[in-house]
Amino acid sequence: MESRKLRSTSSKIETKALFDFDNVNEYLYNDKEIKVGGSGAEYNYYGGQTPELPRVRSSVVTVERVLPRRPKTDPLPDSTYEIFYRRMKKNEKQMSNEERIKNLWELDTLQSQLERLSQYDWIRSLPEITVIKDMKDYDELERKKQLTIKEIERLLQKHENWRKRKEFHSREMKEWCEGSSDSEYDMPIEELRERRKLQNRQRYGPVIRLNLGNEYCLVIDPLSTPKIEKVEEKEPPKKRKTIVTLEDVDDASQIDIQTKDNILFGTNFEDIPTYRNGFQLPLHMRRMMHKGAK
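Residues numbered from 1 in each chain as written. Predicted model: local features only at pLDDT ≥ 70, side-chain atom pairs only at ≥ 80, totals over all residues. Heavy atoms only, no water.

An unreviewed UniProt entry annotates the protein as Subunit of the SAS acetyltransferase complex, putative of Candida dubliniensis.

1. Digging into the overall build of the protein
Operational definition: The numbering of helices and of strands both runs from the N terminus, where a helix is a DSSP run of H or I of at least 4 residues and a strand a run of E of at least 2. When a residue's accessible area, from a 1.4 Å probe over protein chains only, is under 20% of the maximum for its type it is buried; when over 50% it is exposed; and in between it is partly exposed. Contacts between residues were defined by any pair of non-hydrogen atoms, one from each residue, lying within 4.5 Å. Method for areas: the Shrake-Rupley scheme with a 1.4 Å probe, in which residue coverage is limited to the protein chains shown.
Looking only at helices and strands, one finds six helices and five strands in the protein. Starting at the N terminus and walking to the C terminus, you meet the elements of the protein as α-α-α-α-α-β-β-β-β-β-α. Out of the 294 residues belonging to the protein, those deemed buried represent 11%. Of all intrachain contacts in the protein linking residues separated by at least 6 positions in sequence, the fraction that spans at least 24 positions is 30%. Carbon together with sulfur atoms contributes 53% to the accessible area of the protein, which is approximately 29,300 Å² in total.

2. Details of the packing of aromatic side chains
Our working rule: Stacked, edge-to-face and tilted are the three classes for Phe, Tyr and Trp ring pairs, Trp counted by its six-membered ring, which pair at centre distances within 6.5 Å; planes under 30 degrees apart are stacked, over 60 edge-to-face, the rest tilted.
Under the defined criterion, the tally for this structure stands at two aromatic pairs. Measuring from centroid to centroid gives 6.2 Å for F19 and F21, while their planes differ by 15°, and the two rings are stacked. This pair shows no difference in class: F19 is buried, exactly as F21 is. The interplanar angle of 55° and the centroid separation of 6.4 Å between the aromatic rings of W122 and Y138 together place this pair among those described as tilted. Highlighted residues: W122 in helix α3 (residues 122-125) and Y138 in helix α4 (residues 138-178), separated in sequence by 16 residues. Look at Y138 and you get partly exposed, because its relative accessible area is 48%.

3. Considering the pattern of salt bridges
Put simply, the rule is: The salt bridge definition used is simple: a Lys or Arg side-chain nitrogen within 4 Å of an Asp or Glu carboxyl oxygen.
One pass over the full model with this rule turns up nine salt bridges. The closest approach of N and O atoms between R201 and D221, which form a salt bridge, is 2.6 Å. With R201 in helix α5 (residues 189-204) and D221 in the loop between β2 (216-220) and β3 (227-230), this residue pair connects regions lying 20 residues apart in the sequence. Given a relative accessible area of 17%, D221 falls into the buried group. One salt bridge in this structure joins K227 and E229, with 3.5 Å as the shortest N-O distance. Residue classification places E229 among the partly exposed positions, given a relative accessible area of 26%. It is possible to trace a salt-bridge network through shared partners that takes in E160, R163 and E167.

4. So, the pairing of β3
Selection rule: Any two strands with at least two DSSP bridges between them are considered paired.
In this structure, β2 lies alongside β3, joined through four bridges in antiparallel fashion. If you follow C217 over to β3, its bridge partner there is E229. The hairpin turn running from β2 into β3, its antiparallel successor, is six residues long.

5. Structural notes on the UniProt feature "coiled-coil region" (unreviewed entry) in the protein
Stated precisely, the cut-off is as follows: UniProt positions are given in the numbering used here, feature names are shortened, and annotations may be inferred rather than shown by experiment.
UniProt marks residues 138-172 with the feature "coiled-coil region" (unreviewed entry), using the numbering shown here. Within residues 138-172, the helical portion is 100% and the strand portion 0%, while the C-alpha atoms at the span's ends are 51 Å from each other.

6. Regarding the nonpolar core
The following threshold applies: Side-chain atoms within 4.5 Å link the members of a nonpolar core, which is a set of buried Ala, Val, Leu, Ile, Met, Phe, Trp, Tyr and Cys residues.
The biggest cluster of nonpolar side chains holds 15 residues, and the ones touching the most others in it are F19, L117, L126, I152 and L156. Among the elements of the structure, α2 (82-117) and α4 are those that each provide at least two residues to this core. For this core, the element with the highest residue contribution is α4, accounting for five residues. For L126, the contacting residues outside a window of four places in its chain are L117, I132, L141, K144, K145 and T148.

7. Quick word on the environment of E190
Stated formally: What qualifies as a polar contact is a pair of N or O atoms within 3.5 Å, subject to a donor-acceptor requirement within protein and to the restriction that residues adjacent in sequence count only when both atoms come from side chains.
Take E190: it is sitting in helix α5. With a relative accessible area of 52%, E190 lands in the exposed category. Within the local environment of E190, its side chain forms a polar contact with the side chain of R193, the two groups lying 3.1 Å apart.

8. Structural notes on the pairing of β2
Burial along β2 is one-sided: the residues C217 and V219 are buried and none of Y216, L218 and I220 is. Alignment of strand β1 (residues 208-211) against β2, held across four bridges, turns out to be antiparallel. Residue pairing in the sheet places R209 in a bridge with V219 of β2. In this structure, the hairpin formed by β1 and β2 is closed by a connection of four residues, where G213 is found at a positive phi of approximately 85°.

9. Section: the sheet that holds β2
Within a sheet, adjacent strands bond to each other through the backbone by hydrogen bonds, running parallel or antiparallel. Rules: Axis geometry follows a simple rule: fit a line to the C-alpha atoms, using only the stretch in contact for helices, then measure angles between N-to-C directions, giving values from 0 to 180 degrees.
If you walk across this open sheet you meet the three strands as β1-β2-β3, and the pairing is antiparallel. Looking at which strands have only one partner, the edges of the open sheet turn out to be β1 and β3. Direction aside, the axes of adjacent strands within the sheet are offset by 30° on average.

So this is what it looks like as structure tokens:
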């Protein structure tokens, strides 16, 4: 009589949770060639034309549907379903939390399996991850190891894409609910770049320059790696011309009025436009002279 064995001491591993590459499509996982046409082909082209199907006359008669009259009062108000709605909403929230915890657990399991397959003793870990028929066949072990790594990386990438899409849609819903009218989709790319740059400066801080004293400075940018640049020599400020009034001049012979041929005070009189009616006094002076004559 056989003795009873406990489940905890059984060395048999359930194959439901393992990767099984033996009972899958060989064209996807084993790179099997697809033969089309000719002898021994797996697939054949459909050479004939579409057969003519017999026409069947239907005796169904369509009748115009008459809608019932809408009553003035709602026979089923919303208050009838409030209790049921709250209960179902609570169940939905609980199920979503359980699903999220399950996804995180599966993600952690896949990452640990990928790390175990990257170690030197991956042969010991492979039977716990993938179904192996013959442990002595090294070609099978190597092939299924590569297939397992490829499948795990695909699942991890799928989870990462799902997480990015979720964040993107959550951000869009938040902007939509807030009702922000300042949309960045219609903004020019240069203006958008300057706006993002200003936001990053306000968030992470300005650029810091440390003078090293040998015509070079250390540039510390929070948004990029530090670098050493040569200090640009600044042009000295231009000196303003001093204005001297006639009251400050003691000797009138020291005044340079820049006279030369037709030039006086640095201006050529031939280039000065003349009035159509000749030289005239300003209007207010003519009015004063006219009043004095009266």
